[in-house]
Amino acid sequence: MTETDKPAASARPCPICGKPAVARFKPFCSSRCADIDLGRWLKGGYVIPGEPVDEAEEAPPPRDRED
Ligand SMILES: [Zn+2]
């Protein structure tokens, strides 16, 4: 008596298509939806809009001592 393939009543719906999530592909309903979500995540992770990569070094403190 296994209920692993049975969608739990408390399970949240698949974030991709809204179908009941399956335990095996949690939180998605299928591997396809999991792939779609992963693709979106990767795409969004590559580009960070509005965040310029500024490699400017911190300006050293002005020398205030006699040499
Ligand atoms: Zn789905």
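Predicted model, so just to flag it, every value in this text is computed and none were measured.

Quick notes on the rules
- Chains are numbered independently. Their residues run from 1 in the order of the written sequence.
- At least 70 in pLDDT is required for a residue's local features to be given in this predicted model, at least 80 for side-chain atom pairs to be given and counted, and no such filter applies to totals for whole chains, interfaces and linings, which use all residues.
- The side-chain figures draw on all heavy atoms in the structure; neither hydrogens nor water molecules are used.
- Segments assigned H or I by DSSP are reported as helices when at least four residues long, segments assigned E as strands when at least two residues long, and all are numbered from the N terminus.
- Three labels apply to residues, based on accessible area from a 1.4 Å probe with only protein chains included: buried if under 20% of the type maximum, exposed if over 50%, partly exposed otherwise in between.
- Throughout, a contact is declared for two residues whenever any of their heavy atoms are within 4.5 Å.
- Calculation of accessible area relied on Shrake-Rupley with a 1.4 Å probe; when residues are assessed, cover is drawn exclusively from the protein chains displayed.
- Each metal site lists N, O and S donors within 2.8 Å (3.2 Å for Na, K and Ca). With water left out of the atoms, a site can look as if it is missing ligands.
- Site shape is set this way: if four donors have all angles between 85 and 135 degrees, tetrahedral; if opposite donors are over 155 degrees apart and all others between 65 and 115, square planar for four donors and octahedral for six; otherwise irregular.
- UniProt positions are given in the numbering used here, feature names are shortened, and annotations may be inferred rather than shown by experiment.

A. Just the overall build of the protein, in detail. Secondary structure summary: the protein contains 1 helix and 0 strands in total. Going through the 67 residues of the protein one by one, you find that 9% of them count as buried. Intrachain contacts of the protein at a sequence separation of at least 6 include 3% that bridge at least 24 residues. Carbon and sulfur atoms form 54% of the exposed surface of the protein, whose accessible area is close to 6,700 Å².

B. Quick peek at the coordination of the zinc ion. Distances from the zinc ion to its protein donors, Cys14 (SG), Cys17 (SG), Cys29 (SG) and Cys33 (SG), fall at 2.3 Å. Angles of 99 to 118° at the metal separate the 4 donor atoms of the zinc ion, which places the site in the tetrahedral class. Sequence spacing among the residues donating to the zinc ion works out to C-x2-C-x11-C-x3-C. Note that Cys14 is positioned in the segment before α1 (31-46) and Cys29 in the segment before α1, a separation of 15 residues in sequence. The same class applies to Cys14 and to Cys29, which are both buried.

C. Spatial organisation of unusual backbone geometry. Cis geometry marks the peptide bond from Lys26 to Pro27, where omega comes out at -5°. Position of Pro27 relative to the elements: it lies in the segment before α1.

D. Just the UniProt feature "binding site: Zn(2+)" (unreviewed entry) in the protein, in detail. The positions UniProt marks with the feature "binding site: Zn(2+)" (unreviewed entry) are Cys14, Cys17, Cys29 and Cys33. Taken along the chain, the residues just named run across 20 residues; in space they keep tight, none of their C-alpha pairs more than 8.1 Å apart. Relative to the helices and strands, Cys17 resides in the segment before α1. Not counting the four nearest positions on each side in its chain, Cys17 is found in contact with Cys29 and Cys33. In this fold, Cys33 is placed in helix α1. A relative accessible area of 7% means that Cys33 is categorised as buried. Apart from the residues lying within four places of it in its own chain, the contact partners of Cys33 are Cys14, Ile16, Cys17 and Phe28.

E. Molecular detail of the environment of Lys19. Structurally, Lys19 is set in the segment before α1. The class for Lys19 is exposed, based on a relative accessible area of 52%. Taking the C-alpha atoms as reference points, Lys19 and Cys29, separated by 10 residues in sequence, lie 6.2 Å from one another. Among residues more than four places away in sequence, those in contact with Lys19 are Pro13, Cys14 and Cys29.

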